[in-house]
Amino acid sequence: MTGCGGAFAGKSVIVTGGARGIGQVIAQHFAAAGAAVAVLDPGVAGTETDGAIRFHACDVADAGAAARCVQEVAARRGRVDILVNNAGVLRDNVIWKMPEEDFDAVVRVNLKGPWLMCRAVAPLMRQQQGGRIVNIASRAWLGNFGQSNYSASKGGLVSLTRVLALELARYGVTVNAVAPGLIDTPMTRALPPATRDSLIAAQPGKRAGKPEDVAHAVAFLASEAAGFITGQVLHVDGGRSIGSSVF
Ligand code: NAI
């Protein structure tokens, strides 16, 4: 992590969806802080190495692929200390115009993917008697117009976080969620300009956040210092979750 020296020296970290956007910055921050990082993302050509970051072409919602990639990382590094479930997709529409495939596609990546990844790392972290899982939810878990699929997937991810916090606490494993608000990434840059403008107008600070804002929160929850914090949702949203600031 920039400015954190070797705060994660020797740690084995998995970041899903780390080929671009928020996940890329999270992966870079862990690598800069001394960790060996495995990025799991179908958006990479194959297994390539870029400094301390190793890329695995992997669809995390494919049970076989998720388990294989976790085993590969564990075999190479001997352990998995930190899992960041960041991969996520959007398919927005009002429910009366939303095809069933768009519900399935979003729930598959945003909820089933993290569930599969947690199922794959849980035995390792239990055996190690320690670990950190950080799930990237969204402020939208509280509810967003036009996001019945996305909000439900992120609400489910928050529930998954809470359950796994209970199941894994006795093994020294914490499980928390970070819920970003509007962050400037390829995902949000792809939104229609009018939608983006109205989202920025609804922000208390009238601006989007940066991927680094999310990466810092993830680093805190993944650190030794956060060992007694589990099952929590940390909103990184410039205050958007407090309520309406339209005036
Ligand atoms: P992005 O679209 O820029 O990047 C997402 C990455 O996930 C891509 O590299 C993509 O290839 C990867 N991915 C997609 N499906 C995958 C799969 N099946 N397996 C593995 N990787 C997969 O998105 P962004 O903006 O960086 O978002 C990252 C996370 O943050 C997502 O979970 C998103 O829902 C969440 N988030 C983003 C916000 C924003 O304003 N950008 C706000 C709130 C939450």
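Report on the accompanying structure. Note that the structure is predicted; figures quoted are calculated from it, not measured. (Residues numbered from 1 in each chain as written. Predicted model: local features only at pLDDT ≥ 70, side-chain atom pairs only at ≥ 80, totals over all residues. Heavy atoms only, no water.)

1. Points about the site of the ligand
Every one of the 29 residues lining the ligand counts as a neighbour, but R20, D41, N86, Y150 and T185 are closest to it. Contact distances for the ligand include 2.8 Å between an oxygen atom and a backbone N or O atom of I22. The side chain of K154 places a nitrogen or oxygen atom 2.9 Å from an oxygen atom of the ligand. Protein chains shield 92% of the accessible area of the ligand, which is 840 Å² for the free molecule. (Near = heavy atom within 4 Å. Polar contact = N/O pair within 3.5 Å; in protein donor to acceptor, adjacent residues only side chain to side chain. Areas by Shrake-Rupley, 256 points an atom, 1.4 Å probe, with all protein chains shown as cover.)

2. Focus on the nonpolar core
Note that soluble globular proteins tend to have their nonpolar side chains buried in a common cluster. In this structure, I14, L40, V80, L83, M117, I133 and L168 are the most contacted members of the largest nonpolar core, which totals 35 residues. Ranked by the residues each element gives to this core, the list is headed by helix α3 (residues 100-128), at nine residues. Among residues more than four places away in sequence, those in contact with L40 are I14, V15, T16, G17, G18, H56, C58, V60, C69 and M117. The next biggest cluster of nonpolar side chains, apart from the first, holds 30 residues, and it includes A33, I53, V214 and V218. (Core = buried A, V, L, I, M, F, W, Y, C linked by side-chain atoms within 4.5 Å. Buried < 20%, exposed > 50% of the residue type's maximum accessible area, 1.4 Å probe, protein only. Helix = DSSP H or I, 4+ residues; strand = E, 2+ residues; numbered from the N terminus. Contact = heavy atoms within 4.5 Å.)

3. Description of the sheet that holds strand β8 (residues 233-236)
Here we have eight strands laid out as an open sheet, ordered β3-β4-β2-β1-β5-β6-β7-β8, and mixed in their pairing. Each edge of the sheet is formed by a strand with only one pairing partner; in this case those strands are β3 (48-50) and β8. For this sheet the average axis-to-axis angle between neighbouring strands, irrespective of direction, equals 20°. Helix-sheet contacts for helix α4 (residues 148-168) involve β6 (131-136), β7 (173-180) and β8, and the interaxial angle to β7 is about 160°. (Pairing = 2+ DSSP bridges. Axes fitted to C-alpha atoms, helices over the stretch in contact; angles between N-to-C directions.)

4. Here we look at the pairing of strand β4 (residues 53-56)
Neither face of β4 is exposed, since I53 and F55 on one face and R54 and H56 on the opposite face are all buried. Pairing geometry for strand β2 (residues 36-40) and β4, over four bridges, is parallel. Counted as the bridge partner of V39 is F55 from β4. Alignment of β3 against β4, held across three bridges, turns out to be antiparallel. Paired with T49 across the bridge in β4 is R54.

5. Notes on the packing of α3 against α4
Close contact between α3 and α4 brings their axes to 9 Å; oriented N to C, the two are set at 15°. With respect to each other, α3 and α4 are oriented roughly parallel. In this structure, α3 meets α4 at a crossing whose hand is right-handed. Mapping the contact onto sequence places D102, F103, V106, V107, N110, L111, P114, W115, C118, A122 and R126 in α3 and N149, Y150, S153, K154, G156, L157, L160, L164 and L168 in α4. A breakdown of the residues in the contact of α3 with α4 according to their chemical character gives 13 nonpolar, four polar and three charged. (Parallel < 35°, antiparallel > 145°, perpendicular 65-115°, else oblique. Left-handed = near helix turned anticlockwise from the far one by under 90°. Nonpolar A, V, L, I, M, F, W, Y, C, P; charged D, E, K, R; others polar.)

6. Quick notes on the packing of helix α1 (residues 21-32) against helix α7 (residues 211-222)
When two helices pack together, their arrangement is given by the angle between their axes and by how far apart the axes lie. Contact geometry for α1 and α7: axes closest at 9 Å, N-to-C directions at 50°. Relative to α7, the element α1 is oriented oblique. The chirality of how α1 crosses α7 is right-handed. Contact with α1, carried on its side by G21, I22, V25, I26, H29 and F30, involves P211, E212, V214, A215, H216, V218, A219 and A222 of α7 and no other residues of that element.

7. Regarding the packing of aromatic side chains
Applying the stated criterion to the full structure yields one aromatic pair. With a centroid separation of 4.8 Å and 75° between ring planes, the pair formed by F8 and F30 is classed as edge-to-face. Linking F8 in the segment before β1 (12-16) with F30 in helix α1, this pair joins segments that are 22 residues apart in sequence. Just as F8 is buried, F30 falls in that class too. (Phe/Tyr/Trp six-rings, centres within 6.5 Å; stacked < 30°, edge-to-face > 60°.)

8. Re the side chain of T174
Inspection of the secondary structure puts T174 in strand β7. For T174, a relative accessible area of 4% puts it in the buried group. Filtering out sequence-adjacent residues up to four positions away, T174 remains in contact with G131, R132, I133, L221, A226, G227, I229 and T230.

9. Let's talk about the environment of A31
Note on placement: A31 falls in helix α1. With 21 residues separating them in the primary sequence, A31 and G10 have C-alpha atoms 10.0 Å apart. Filtering out sequence-adjacent residues up to four positions away, A31 remains in contact with V37, A52 and I53.

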